[in-house]
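The residues making up each chain are set out below.
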Amino acid sequence: GDPPDVVEALLDVARLRVRLRQAGIGEVTSAGSNIRFASVELPESAQMRLKRVYNGLYKAAPRMAMVPHPKTAALGGRPIAGRELIEWVHAVVDAMVPPAA
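Every chain is numbered independently, its residues counted from 1 as its sequence is written. Whole-chain, interface and lining totals are the exception, using all residues; otherwise, since this is a predicted model, local features are given only for residues with pLDDT of at least 70 and side-chain atom pairs are given and counted only at 80 or more. As a rule here, side-chain values come from all non-hydrogen atoms in the structure, and water together with hydrogens is ignored.

Caption draft 1: Highlighting the overall build of the protein. The numbering of helices and of strands both runs from the N terminus, where a helix is a DSSP run of H or I of at least 4 residues and a strand a run of E of at least 2. Helix and strand counts for the protein come out as three helices and four strands. Sequence-ordered secondary structure for the protein, helices as α and strands as β, is α-β-β-α-β-β-α. For a compact globule of 101 residues, the expected C-alpha radius of gyration is about 13 Å, and the protein comes in at 14 Å, within 12% of that figure. Whether a residue is buried, partly exposed or exposed follows from its accessible area with a 1.4 Å probe, protein chains only, as a fraction of its type maximum: under 20%, in between, or over 50%, in that order. Within the protein, the fraction of its 101 residues that count as buried is 33%. Excluding contacts between residues fewer than 6 apart, the proportion of contacts in the protein whose partners are at least 24 apart in sequence is 53%. For this measure, only C-alpha atoms enter the radius of gyration; the expected value for a globule follows 2.2 Å times N^0.38, where N is the number of residues. Residue contacts are counted whenever heavy atoms from the two residues lie within 4.5 Å of one another.

Caption draft 2: The arrangement of the pattern of salt bridges in detail. Salt bridge, as used here, is a side-chain nitrogen of Lys or Arg placed within 4 Å of a carboxyl oxygen of Asp or Glu. Counted under the stated rule, the structure contains six salt bridges. For the salt bridge of Arg19 with Asp94, the shortest nitrogen-to-oxygen distance reads 2.7 Å. Of this pair, Arg19 sits in helix 1 (residues 5-23) while Asp94 sits in helix 3 (residues 82-96); the two residues are 75 residues apart in sequence, bridging distant segments of the chain. Exposure remark for Arg19: the relative accessible area of 6% places this residue in the buried category. Note that Glu41 is salt-bridged to Arg63, the shortest N-O span being 3.9 Å. Of this pair, Glu41 sits in the loop between strand 2 (34-38) and helix 2 (44-54) while Arg63 sits in the loop between strand 3 (57-59) and strand 4 (64-68), and the two are 22 residues apart along the sequence. With a relative accessible area of 33%, Arg63 lands in the partly exposed category. Residues participating in the shared-partner salt-bridge network are Glu8, Asp12, Arg15 and Arg83.

Caption draft 3: The nonpolar core, seen in detail. Residues Phe37, Leu50, Trp88 and Met96 are the most contacted members of the largest nonpolar core, which totals 24 residues. Of all elements in the fold, only helix 1, strand 2, helix 2, strand 4 and helix 3 reach the threshold of two or more residues within this core. In terms of residue count, helix 3 provides more of this core than any other element does, eight residues in total. The nonpolar core is taken to be a set of buried Ala, Val, Leu, Ile, Met, Phe, Trp, Tyr and Cys residues, with the residues joined through side-chain atoms within 4.5 Å.

Caption draft 4: Representation of the environment of Gly56. Structurally, Gly56 can be placed in the loop between helix 2 and strand 3. Excluding its chain neighbours within four sequence positions, the residues that come into contact with Gly56 are Leu50, Lys51, Met66, Val67 and Pro68.

Written out as structure tokens, the structure is:
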């Protein structure tokens with residue numbers, strides 16, 4: 001049968017860690033109302049995509065991207081968490097550093 005949800009969540013985290021390593025991203029953390037992606041170098045095109053799609057901000061000197069933490073609703077929503085957050089982080093990473101073919 002299918003593995004339990006806890007096992008699926010652990011596998012999702014493992015896949016995300018592999019993807020972060022491939023993208024050259026050293027760390028992903030929650031920083032207040034933002035998600036911070038550290039040790040990432042983005043070309044100007046990726047910086048523009050990050051701003052346009054995720055309303056994110058890139059700082060070249062510390063090599064850091066900040067993206068507002070996604071919420072369940074635009075107004076009054078709660079921050080997403082769990083597997084939904086893992087999937088969202090994966091999508092942001094793919095937008096910043098497209099996967100190699």
